[in-house]
Amino acid sequence: MTDENKSETEVETQDLEEKYEALLEEKNQEIEKLQKDLEKSESETQEYISLSQRLQADFENFKKITDKRNQELVKFANENVIKDFLDCYEDFGRALETENDEDLRKGIELIYNKFSDVLAKEGVSEIPAKGEKFDLNKHEALMVQDSPDVENGYIIEELMKGYMYKDKVLKYSKVIVCKK
Amino acid sequence: MSDTKKEKIIGIDLGTSNSAASVLVGGKPTTIPSAEGASQYGKSFPSYVAFTEDGQMLVGEPARRQAVTNPENTISAIKRSMGTDHKVTVNGKQYSPQEISAFILQKIKKDAETFLGEPIQKAVITVPAYFDDNQRTATKDAGTIAGLDVVRLVNEPTAASLAYGLDKAEEDDIWNSVEEYLK
């Protein structure tokens, strides 16, 4: 191998080394960038996870608070009605103290009327049944019978009273319906 | 995010006397309330379908309330005829047991949509363990007629064991216990 050849090879090797160095540097930078990206994504993921956990916890707390508030509302919603009922209850107590049967009957009649007023005030009303046309939205048919005085599909008799509470049926009235 | 939102699947107990449906809300099974009111002792509603004189169709409590006045056009316990060729004739029109069951499922679907405020497409329906292929196919068909994609039929005892495990163990354990049960 001549000196010239040797130096040429050296130059080539040096070139290759430089290229290799540059490539290595480039790849290192790429790795560094990817690592940074990964770190960023990981921290973002962590952030989202903790956000969702916090939201879940917030939601659970909110639910607990709402449930508690609802329970309180339900617990004391009947306060006024109970006050009115207590009046009637006391009246019954007084009525029971009477010894005269006639007075007792009169007293109970008065209490019954008072009770009806309380219910009416709260929006409870009786569902008319006897003589009305059977309406499945208010009545429940327990039996059918033929009757000469009543038209087909009309109510012959009310077996149990029904009640409305405002615009909602509280209890359907149980009836006997005429069927020819 | 909306793409990854899980579609709700309702669970239906399509019973002989009463039916009910529930759905997981916040990880807890919640019974879907019936719009026309529930049976006396619970949250289910009677499996009754009726057709009134004026052509109105009633399902559940209203149908039961008028049953004695209109027995010819009131159908109950249709589950007993599932998977048979039995046809019910109402106002001159014939209905298969699948169609009648579909009316009940349609009502459940509507109730669920009202309750959840979103459209419901998928459902799981329970069937008695003794139901044969015909009866199972008929139940699935009823779901399809009602516009539901029946993703699975679950045997009633399996559903019961699942429900038992739901608040007692991790999901994997439940499936293990069910697999154990099915062995």
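This text follows the structure it describes.
Before going into details, it helps to say that this report is about the structure given with it. Nothing here was measured: the structure is a model prediction, and the numbers come from that model. (Residues numbered from 1 in each chain as written. Chains lettered and ligands numbered in written order. Predicted model: local features only at pLDDT ≥ 70, side-chain atom pairs only at ≥ 80, totals over all residues. Heavy atoms only, no water.)

## Looking at the nonpolar core
The nonpolar side chains of soluble globular proteins are, as a tendency, buried together.
Phase 1 of the analysis: Counting residues in each nonpolar core, the largest one holds 34 residues, and the members touching the most others are I10, I12, I100, L105 and I108 of chain B.
Phase 2 of the analysis: For this core, the secondary-structure elements that each account for two or more residues are β1 (9-14), β2 (18-25), β5 (48-51), β8 (88-90), α2 (97-116), β10 (122-127) and α3 (133-145) of chain B.
Phase 3 of the analysis: Counting residues per element, this core draws most heavily on α2 of chain B, at eight residues.
Phase 4 of the analysis: Setting aside anything within four residues of it in sequence, one finds I10 of chain B in contact with S22, V23, I32, I108, A112, I120, K122, A123 and V124 of chain B.
Phase 5 of the analysis: The next biggest cluster of nonpolar side chains, apart from the first, holds 10 residues, and it includes A129, I155, V175 and V177 of chain A. (Core = buried A, V, L, I, M, F, W, Y, C linked by side-chain atoms within 4.5 Å. Buried < 20%, exposed > 50% of the residue type's maximum accessible area, 1.4 Å probe, protein only. Helix = DSSP H or I, 4+ residues; strand = E, 2+ residues; numbered from the N terminus. Contact = heavy atoms within 4.5 Å.)

## Overview of the sheet that holds strand β5 (residues 168-171) of chain A
All names here are of chain A.
Phase 1 of the analysis: Read from one edge to the other, the open sheet built from three strands follows the order β1-β4-β5, with strand pairing classed as antiparallel. For this open sheet the edge positions go to β1 (124-126) and β5, each flanked by a neighbour on one side alone. Neighbour-to-neighbour, the strand axes of the sheet open up by a mean angle of 35°, direction not taken into account.
Phase 2 of the analysis: As defined by bridge partners, strand β4 (residues 163-165) adjoins β5 across three bridges and the pair is classed as antiparallel. In the sheet register, Y163 faces β5, and the bridge partner there is K171. (Pairing = 2+ DSSP bridges. Axes fitted to C-alpha atoms, helices over the stretch in contact; angles between N-to-C directions.)

## Quick notes on the pattern of salt bridges
Phase 1 of the analysis: What the rule picks out here adds up to 16 salt bridges over all chains.
Phase 2 of the analysis: Salt-bridge contacts for E72 of chain B lead to K179 of chain A; the nearest nitrogen and oxygen are separated by 3.3 Å. Here E72 of chain B, found in the loop between α1 (61-65) and β7 (74-76), pairs with K179 of chain A, found in the segment after β6 (173-178), and the two come from separate chains.
Phase 3 of the analysis: Through salt bridges with shared partners, a single network forms among E140 of chain A together with E61, R64 and R65 of chain B. (Salt bridge = Lys/Arg side-chain N within 4 Å of Asp/Glu carboxyl O.)

## A short note on a nonpolar patch on the surface
Residue and element names in this part refer to chain A.
Phase 1 of the analysis: On the surface, a cluster of nonpolar side chains totalling about 330 Å² of accessible area is made up of L142, M143, L159 and M160.
Phase 2 of the analysis: Those elements giving two or more residues to the nonpolar patch turn out to be β2 (139-145) and β3 (155-160).
Phase 3 of the analysis: With respect to the secondary-structure elements, L159 resides in strand β3.
Phase 4 of the analysis: Of the residues examined, L159 reaches a relative accessible area of 41% and is grouped as partly exposed. (Patch = residues over 30% accessible without salt bridge, like charges linked within 9 Å, V, L, I, M, F, W, Y side chains within 5 Å. Areas by Shrake-Rupley, 256 points an atom, 1.4 Å probe, with all protein chains shown as cover.)

## Concerning the pairing of β2 of chain B
Residues and elements named next belong to chain B.
Phase 1 of the analysis: Pairing of β1 with β2, which is carried by four bridges, proceeds in the antiparallel orientation. Residue pairing for β2: G11 is matched across the bridge by S22.
Phase 2 of the analysis: Once β1 ends, the chain turns through three residues before running back antiparallel as β2.
Phase 3 of the analysis: Pairing geometry for β2 and strand β4 (residues 45-46), over two bridges, is antiparallel. Across the sheet, residue N18 finds its bridge partner in β4, namely P46.

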